[in-house]
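Overview (structure and organization)
For reference, the chains in residue letters:
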Amino acid sequence: FVKPVNAIDLCSVLTKLTTVEPPEPYRIMIVDDDAHLLELYSTILEGVGMVTRQINDPLLAMGSLQEFKPDLILTDMNMPGCNGMELAKTIRQSGDCVSIPIVFLSTETDTDLHRNAMRMGGDEFLTKPIKPEHLISAVAVRAERMKVLRSLMVRDSMTGLLNHTAIKAKLDGAIAENEGDLCFAMLDMDRFKEINDKYGHPTGDRVLVTLAKFLRTRLAKTDSIGRYGGEEFALILPGCDLAAARERLDQLRESFGAIQFPAGGESFQATFSCGVAALATHKKGDRLCAAADEALYEAKKLGRNRVEA
Ligand code: GH3
Ligand code: MG
Ligand code: MG
Ligand code: MG
């Protein structure tokens, strides 16, 4: 009954898309009252590396949504308790789910019903039975678009770092999950206005892009970096106590300060000041941010190009 899908290679589907980096697995929520079909679709999609969540009862879909965070929802139409259309409507009404692609997969061939389903917020209507390769490509194309959109929403376009909202959300998440040490640092370019005034705004931009790249390549995989504001950056350093964080940041400060930026035949150096605080001391996200900000202010007051805690 379960058809093997080894003949289908997700890569062949994906090469048609403009993916630059190897994709993270798409997360697909499958809603169907038929347990056999759930298993079948799940096997097909997992066969090409996607991560699936099977939902047998549509009434449980909303609860799983927040926790599973799917890139796409594949749902049956006729189910007891709540049909696919009602489910789509409910999903579309919940604030942070307005953009999740919803694909209906049903034996219904009535085009009026298809149109209605789309009006309720569906993105596509597929009919059962479906060929595995058709299911895979329909799901992959839409899940990919969702991923691109999502990354545009959370990334700062100039540096590619997490934007202000995203790094704040990341901090909340990191605090909720964290069990050991965690430090938060705020970093601000020194006398950046002077750099802009002297060498021009595009050169200033280049300094910020260089700093972003510098931080990205030097920090650990578990660390997070965001562009907090114009020439301000935020770092989340899990598994680091205050002394260790301070030392790491001081090393970064020193190496970054040694970089020579060419500008109009000459070159200049740029430095940053940094404030860091430990969750162990400040306990809550807002207090942690405030403490890092105060320490940054202190670093500026004490002469800049330094790290304070
Ligand atoms: P301080 O050492 O006290 O931080 O001095 P500062 O000059 O860095 O601080 P101030 O807040 O006075 O000025 C920040 C400057 O950063 C002014 C603003 O034009 C510049 N800036 C903010 N965002 C960008 C950006 O995206 N690109 C460029 N080139 N400059 C930026
Ligand atoms: Mg059904
Ligand atoms: Mg600033
Ligand atoms: Mg500054």
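Nothing here was measured: the structure is a model prediction, and the numbers come from that model. (Residues numbered from 1 in each chain as written. Chains lettered and ligands numbered in written order. Predicted model: local features only at pLDDT ≥ 70, side-chain atom pairs only at ≥ 80, totals over all residues.)

Our focus in this paragraph is the site of ligand 1. If you check the shell around ligand 1, you find 15 residues, and the closest are F192, K193, G204, G230 and E231. For the shell around ligand 1, the secondary-structure elements that each account for two or more residues are β6 (182-189), α8 (192-199) and α9 (201-218). It is α9 that provides the largest number of residues to the shell around ligand 1, a total of 4 residues. Looking at the shell around ligand 1 residue by residue, the classes come out as 3 nonpolar, 4 polar and 8 charged. (Near = placed C-beta within 6 Å. Helix = DSSP H or I, 4+ residues; strand = E, 2+ residues; numbered from the N terminus. Nonpolar A, V, L, I, M, F, W, Y, C, P; charged D, E, K, R; others polar.)

It is worth spelling out the sheet that holds strand β12 (residues 307-308) at this point. Taken in spatial order, the 5 strands make up an open sheet running β7-β8-β6-β11-β12, and their pairing is mixed. Edge positions in the sheet fall to β7 (224-229) and β12, since each of these pairs with one other strand and no more. Pairing of strand β11 (residues 272-278) with β12, which is carried by 2 bridges, proceeds in the parallel orientation. Within β12, the residue paired with C274 across the bridge is V307. (Pairing = 2+ DSSP bridges.)

As a further point, take the packing of α8 against α9. Put simply, α8 and α9 touch, their axes get as near as 6 Å, and they point 135° apart. Here α9 runs oblique to α8, going by the angle between their axes. On α9, the residues that touch F192, I195, N196 and Y199 of α8 are H201, T203, G204 and V207. Of the residues in the contact of α8 with α9, the class split is 4 nonpolar, 4 polar and no charged. (Axes fitted to C-alpha atoms, helices over the stretch in contact; angles between N-to-C directions. Parallel < 35°, antiparallel > 145°, perpendicular 65-115°, else oblique. Contact = placed C-beta atoms within 7 Å.)

Strand order in the open sheet formed by 5 strands is β2-β1-β3-β4-β5, with parallel pairing between adjacent strands. Edge positions in the sheet fall to β2 (51-55) and β5 (124-127), since each of these pairs with one other strand and no more. Recorded for the sheet is a direction-independent mean angle of 20° between the axes of neighbouring strands. With 5 bridges connecting them, strand β1 (residues 27-31) and β2 associate as parallel partners. Each residue of the ladder has a partner; that of I30, found in β2, is Q54. Those strands touched by helix α4 (residues 84-93) are β1, β3 (72-75) and β4 (102-106), and its axis lies near 175° from that of β4. Sheet strands in contact with helix α6 (residues 132-154) are β1, β3, β4 and β5, and its direction is about 150° off that of β3.

Another aspect to go through is the nonpolar core. Counting residues in each nonpolar core, the largest one holds 43 residues, and the members touching the most others are C183, A185, C274, V276, A277 and A292. Every element with two or more residues in this core is listed here: α7 (164-177), β6, α9, β7, β8 (232-238), α10 (242-257), β11 and α12 (285-301). Looking at this core, the element that brings in the most residues is β6, giving 7 residues. Sequence-distant contacts of A277, that is, excluding residues within four places in its chain, are made with C183, F184, H282, L288, A291, A292, A295 and A309. L38, L74, M85 and A117 belong to the second-largest nonpolar core, a separate cluster that totals 36 residues. (Core = buried A, V, L, I, M, F, W, Y, C linked by C-beta atoms within 7 Å. Buried ≥ 20, exposed ≤ 12 C-beta atoms within 10 Å, placed from the backbone.)

Right, let's talk about the pairing of β6 for a bit. A large share of β6 lies buried, amounting to 8 of its 8 residues. In this structure, β6 lies alongside β8, joined through 7 bridges in antiparallel fashion. Residue pairing in the sheet places L187 in a bridge with F233 of β8.

Here we come to the environment of E24. Along the chain, the position of E24 falls in the loop between α1 (10-14) and β1. A count of 10 C-beta atoms within 10 Å places E24 in the exposed class. Sequence-wise, E24 and C97 are 73 residues apart; in three dimensions their C-alpha atoms are separated by 20 Å.

Moving on, we come to unusual backbone geometry. The linkage connecting K128 with the following residue, P129, adopts the cis geometry, with an omega of -5°. Positive phi, normally seen in glycine, also occurs at R191, with a value near 40°. One can find R191 in the loop between β6 and α8. With a phi angle near 65°, K283 is a residue other than glycine that sits in the positive phi range. You can see K283 is positioned in the loop between α11 (279-282) and α12. Residue classification places K283 among the exposed positions, given that 10 C-beta atoms sit within 10 Å.

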